[in-house]
Amino acid sequence: RAKAAGRGGYAIFDGDMHVQAMKRMQLEHDLRVAVAQQVFALHYQPIVDLKTQQITGFEALIRWDHPTRGFISPDEFIPVAEETGMIAPISRWVLQTACEQAAQWRSQWPHRHHLRMSINLSGYDLRQATLVETVQHVLTQTQLPAHILTLEITESMLIEDIETAIERLLQLQELGVRISIDDFGTGYSSLSYLYNLPANYLKIDKSFVSQMQLGNTNYKIVEAVVTLSDQLGLAAIAEGIETPQQLNWLEALGCELGQGYLLSRPLSTEAATALLSAQST
Ligand code: C2E
Ligand code: MG
Ligand code: MG
Ligand code: MG
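Residues numbered from 1 in each chain as written. Chains lettered and ligands numbered in written order. Predicted model: local features only at pLDDT ≥ 70, side-chain atom pairs only at ≥ 80, totals over all residues. Heavy atoms only, no water.

K.L.:
Describe the site of ligand 1, and please don't skip the residues or the numbers.
P.N.:
Taken together, 23 residues are adjacent to ligand 1, and Arg-63, Asn-120, Asp-182, Glu-242 and Tyr-261 come closest. Within the side chain of Arg-63, a nitrogen or oxygen atom sits 2.8 Å from an oxygen atom of ligand 1. Interatomic distance of 2.5 Å between a side-chain N/O atom of Glu-242 and a nitrogen atom of ligand 1. Coverage of ligand 1 by the protein chains reaches 86% of its 800 Å² of free accessible surface. (Near = heavy atom within 4 Å. Polar contact = N/O pair within 3.5 Å; in protein donor to acceptor, adjacent residues only side chain to side chain. Areas by Shrake-Rupley, 256 points an atom, 1.4 Å probe, with all protein chains shown as cover.)

K.L.:
Now, about the coordination of the magnesium ion (ligand 2): what can you tell me, with residues and values included?
P.N.:
Distances from the magnesium ion (ligand 2) to its protein donors, namely Glu-59 (OE), Asn-120 (OD1), Glu-152 (OE) and Asp-182 (OD), fall within the range 2.0 to 2.2 Å. Look at where the donors of the magnesium ion (ligand 2) fall in the sequence and you get E-x60-N-x31-E-x29-D. The two metals, the magnesium ion (ligand 2) and the magnesium ion (ligand 3), are separated by 4.2 Å and share Asp-182 as a common coordinating residue. Remark: Asn-120 occurs in strand β4 (residues 116-120) and Glu-59 occurs in strand β2 (residues 55-66); sequence separation between them is 61 residues. (Donors = N, O, S within 2.8 Å, 3.2 Å for Na, K, Ca; no water. Helix = DSSP H or I, 4+ residues; strand = E, 2+ residues; numbered from the N terminus.)

K.L.:
An account of the side chain of Gln-96 is requested, with residue identities and associated values reported.
P.N.:
The topology assignment puts Gln-96 in helix α3 (residues 87-108). In terms of polar contacts, Gln-96 uses its side chain to reach the side chain of Arg-92, at 2.9 Å.

K.L.:
Break down the packing of aromatic side chains for me, with residues and values.
P.N.:
Tallying each qualifying case throughout the model produces 7 aromatic pairs. Here Tyr-44 and Trp-105 contribute two aromatic rings whose centre-to-centre distance is 5.3 Å and whose plane-to-plane angle is 70°, an arrangement assigned as edge-to-face. Of the two residues, Tyr-44 is situated in strand β1 (residues 40-49) and Trp-105 in helix α3; the sequence distance between them amounts to 61 residues. The exposure class of Tyr-44 is buried, given its relative accessible area of 1%. With a centroid separation of 5.8 Å and an interplanar angle of 85°, the aromatic rings of Tyr-219 and Trp-249 are classed as edge-to-face. You can see Tyr-219 sitting in helix α10 (residues 217-232) and its partner Trp-249 sitting in helix α11 (residues 244-252), a full 30 residues away along the chain. Overall, the relative accessible area of 13% leaves Tyr-219 in the buried class. Grouping aromatic residues by their ring pairs yields a cluster made of Phe-40, Trp-64, Phe-77 and Trp-93. (Phe/Tyr/Trp six-rings, centres within 6.5 Å; stacked < 30°, edge-to-face > 60°. Buried < 20%, exposed > 50% of the residue type's maximum accessible area, 1.4 Å probe, protein only.)

K.L.:
So, α10: which residues are in play, and what are the values?
P.N.:
Its 16 residues give α10 an end-to-end C-alpha distance of 22 Å, which sits within 8% of 22 Å, the value for a rise of 1.5 Å per residue. In this fold, the buried residues of α10 make contact with β6 (178-184), α8 (191-194), β7 (201-204), α9 (206-210), β8 (235-238) and α11. N-capping of α10 is provided by Asn-216, with a side-chain oxygen placed 3.3 Å from the backbone N of Asn-218. (Expected span 1.5 Å × (residues − 1). Contact = heavy atoms within 4.5 Å.)

Printed below as a string of structure tokens:
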């Protein structure tokens, strides 16, 4: 009801809307240029076995170095990409690049053939019937065994259209790729669906991990999700581990896998390769 606020209020409201709209149009424009020129990069964050401290694989995370604004968080530009359909070429590029990288590391260090690669998909991708074909195509082309690839789907995008999602996840699992439910605990999925969900991993959202204190609500939520994963026959992955204390608690609770700044930040291709190289000699 901006008009009711009188002329002054109306002008401020209108001006603010205008600024927001301009910013959004600028971002959309810049994103379109970025997509056309493929100026994105992938960083790779290790996923670690909490018992052995061994790296079991990496999660590919997209990075956009904007010409004037510097790095823009995927949390800011991925939603814009989803709304405009630009997510399709972006996801295709992420899939291709991450699979090529995983294939390259495999050929460089054949004895580390268990190293896995995870990528993030959006709800838009999941709704495309062509997704399964595209994934198959990229696996064939890069000669990457399907079981090396994990597709991360957030819990909240699953529940938008659970029937289609389940069907698509089943098709993907038939290819041999693995499925990870990302940001688990923030999306309110129904328990009855969860028990029939075609998935391999549950990723405990970092908001729970970061707020853990011995015996508090977040601690109990993490404990419950680890137990639930176990019951569903899935492996639990804790995100956002930043302190040795959190790491100890998670390990004691029986959480198998973890990620976080304490273990490693997301690394450039060069840094990830150097890390593997240092561990392989
Ligand atoms: P996500 O998939 O849940 O990724 C985890 C986010 O937590 C990443 O942020 C990662 O850098 C950050 N992180 C890792 N360890 C820690 C930690 O110890 N503490 C804290 N505070 N944060 C940590 P990032 O890279 O900014 O990505 C944000 C989100 O953007 C991702 O959340 C994912 O939903 C989305 N995203 C990233 N890359 C892609 C992509 O290639 N495609 C799509 N569709 N989405 C992507
Ligand atoms: Mg993820
Ligand atoms: Mg997450
Ligand atoms: Mg997230």
